[in-house]
Amino acid sequence: MDTDIKNVVRASDKEAQYDEKAKRLLGNKYVLAYILINTVDEFEGMLPEEVVPCIEGEVIVGAVPVEPGLTNAANQDSGMRIVGFNSENAEINEGLIRFDIVFYVRMKDGLSQMIINVEAQKDEPAEYDILNRAIFYASRLISSQKERDFTNTNYNNIKRVFSIWICMNMSENNLDHVHLIDDKLLGKYKWKGKLNLLNIILIGLSNDLTEQNREAELYRLLGTLLSRNLSADEKLSIIESEYSIPIEESIKEAVNVMCNLSQGIREEGRYEGLREGRYEGIKEGRYEGILDSIRNLMESMGWSSEQAMKALKIPETEQMDYAKMLD
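K.L.:
Describe in detail the overall build of the protein, supporting the description with residues and values.
P.N.:
For the protein, the count of helices and strands is 12 helices and seven strands. Considering only contacts within the protein whose residues lie at least 6 apart along the sequence, 62% involve residues at least 24 apart. Carbon together with sulfur atoms contributes 49% to the accessible area of the protein, which is approximately 16800 Å² in total.

Here it is as structure tokens:
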């Protein structure tokens, strides 16, 4: 039984879109099973409980350095959260990249494997095109297999890879599968090889929670888990009633800490008013809720006022005024 998902949902609450919380939520094997069923052809039509045993490895959220060439850590544990064999990937004279979640999954024949990478983005990046980054990640997943999954020139042993990108706060729900195709420009000769080795899945999530139906089950599940508008109880209610995800209670202290942290995010709307120029409102007491959020973070997390204000993304130019009100 999965003893983790309920705690993670409660602990994340409206903090779900913060990087570490999103990775923990998405790293649950049952959540990953729903993602695979709806994005990877091999698992289409299967039930989550049929896919979960195919996912190999223990789930560990966080950066675990594994150089190319080291063997994977599959089958160490039957845990329900996974960060797979290689969450960091480094090559000599190349930059270090960190994968959010990466793991092996067995295919239906029980023998073959494919490599799945899942990345969470709070929104579509403005400083670069997300597809370019996805292509880089998928390519690295292919090239890093040499001397780990195949040796010398045994290129026929390359495993299929799927780099799945979940982008939140989009204008609409969407799903794209980017993959290789063979355009016959001259002649009909069929070159040997597998065009399906490299796959990129782009999932866009809008802020509006999708209505319950089979076609939209993935968007509703991900939208529920990552929502900043639903409470922990509302999320758990949807998961328990609509999805085959085992839920048990655990780690109450972490739940309480994260619920206090979430209180800061609940004041986001009021804080936006401050940023729009109603600056004098601090002195008039109209933004007492933000001050309460800072105090909650300081008390529950043991943070300084500066750390709390940074977590709430209060601009440095305005932090001094809040600091004075806190004295």
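Anyway, onward from the coordinates.
K.L.:
Give me the lowdown on the pairing of strand β7 (residues 198-206), citing residues and values where you can.
P.N.:
With nine of nine residues buried, β7 is to be regarded as a mostly interior element. Residues of β7 alternate between two faces, with L198, I200, L202, G204 and S206 on one and N199, I201, I203 and L205 on the opposite face, all of them buried. Where strand β5 (residues 160-170) lies against β7, eight bridges are found, and the strand directions are parallel. Its bridge partner being in β7, M170 is matched across the sheet by S206. The pairing of strand β6 (residues 174-179) with β7 spans six bridges and is antiparallel. Paired with L175 across the bridge in β7 is I203.

K.L.:
Tell me about unusual backbone geometry, and please be specific about residues and values.
P.N.:
For E147, which is not glycine, the phi dihedral falls at a positive 75°. Relative to the helices and strands, E147 is located in the loop between α5 (130-143) and β5. Overall, the relative accessible area of 43% leaves E147 in the partly exposed class. Of note, the phi angle at N152 is positive, near 55°, even though the residue is not glycine. Structurally, N152 can be placed in the loop between α5 and β5. Classification of N152 as exposed rests on a relative accessible area of 53%.

K.L.:
Residue-level account of helix α7 (residues 232-242), with values.
P.N.:
Within the sequence span of α7, burial applies to A232, K235, L236, I238 and I239. Down the axis, α7 shows its buried residues gathered within 160° of arc, on one side only.

K.L.:
Describe the packing of aromatic side chains, with residues and values.
P.N.:
Evaluation of the coordinates by the stated rule reveals five aromatic pairs. A ring pair is formed by Y137 and W165, whose centres lie 5.1 Å apart and whose planes are at 65°; its orientation type is edge-to-face. Of this pair, Y137 sits in helix α5 while W165 sits in strand β5; the two residues are 28 residues apart in sequence, bridging distant segments of the chain. Between the aromatic rings of F150 and Y155, the centroid separation amounts to 5.4 Å while the plane-to-plane angle is 55°, which identifies the pairing as tilted. For Y155, a relative accessible area of 45% translates into the label partly exposed. Put simply, the rings of F136, Y137 and W165 pair up and form one aromatic cluster.

K.L.:
Residues and numbers for the pattern of salt bridges, please.
P.N.:
All told, the structure shown has seven salt bridges when counted by the stated rule. Put simply, D41 and R160 hold a salt bridge, and the shortest N to O gap is 3.3 Å. Of the two residues, D41 is situated in the loop between α3 (29-39) and α4 (48-51) and R160 in strand β5; the sequence distance between them amounts to 119 residues. For D41, a relative accessible area of 48% gives the class partly exposed.

K.L.:
Describe the pairing of strand β3 (residues 101-106), listing the residues and the values that go with them.
P.N.:
Burial within β3 is extensive, with five of its six residues counted as buried. Following β3, the chain reverses through six residues before pairing antiparallel with strand β4 (residues 113-121); G110 in that reversal takes a positive phi of roughly 75°.

K.L.:
Provide a residue-level description of the sheet that holds β7, including the pertinent values.
P.N.:
Sheet architecture is open: five strands sit in the order β3-β4-β5-β7-β6, paired in mixed fashion. One side of each edge strand has no neighbouring strand; the edge strands of this open sheet are β3 and β6. The mean inter-strand angle of the sheet, taken between neighbouring strand axes irrespective of direction, is 20°. Along the sheet face, α3 touches β3, β4, β5, β6 and β7 and points at about 105° away from the line of β5. Packing against the sheet, α5 makes contact with β3, β4, β5, β6 and β7, and its axis sits at approximately 155° to β5.

K.L.:
Explain the nonpolar core residue by residue, including any values.
P.N.:
In a soluble, globular protein the nonpolar side chains are often hidden away together inside. In this structure, F43 and I116 are the most contacted members of the largest nonpolar core, which totals 48 residues. Put simply, the parts of the chain that give this core at least two residues each are α2 (19-26), α3, β3, β4, β5, β7, α6 (217-225) and α7. Ranked by residues supplied to this core, first place goes to α3 with eight residues. Among all residues touching F43, those that are not within four sequence positions of it are L36, I37, V51, C54, V105, R106 and M114. Counting 18 residues, the second largest nonpolar core, distinct from the first, contains L141, L197, L198 and L202.

Rules used throughout
Residues numbered from 1 in each chain as written. Predicted model: local features only at pLDDT ≥ 70, side-chain atom pairs only at ≥ 80, totals over all residues. Heavy atoms only, no water. Helix = DSSP H or I, 4+ residues; strand = E, 2+ residues; numbered from the N terminus. Contact = heavy atoms within 4.5 Å. Areas by Shrake-Rupley, 256 points an atom, 1.4 Å probe, with all protein chains shown as cover. Buried < 20%, exposed > 50% of the residue type's maximum accessible area, 1.4 Å probe, protein only. Pairing = 2+ DSSP bridges. Arc of directions from axis to C-beta. Phe/Tyr/Trp six-rings, centres within 6.5 Å; stacked < 30°, edge-to-face > 60°. Salt bridge = Lys/Arg side-chain N within 4 Å of Asp/Glu carboxyl O. Axes fitted to C-alpha atoms, helices over the stretch in contact; angles between N-to-C directions. Core = buried A, V, L, I, M, F, W, Y, C linked by side-chain atoms within 4.5 Å.

Keep in mind these numbers describe shape, not what the thing actually does.
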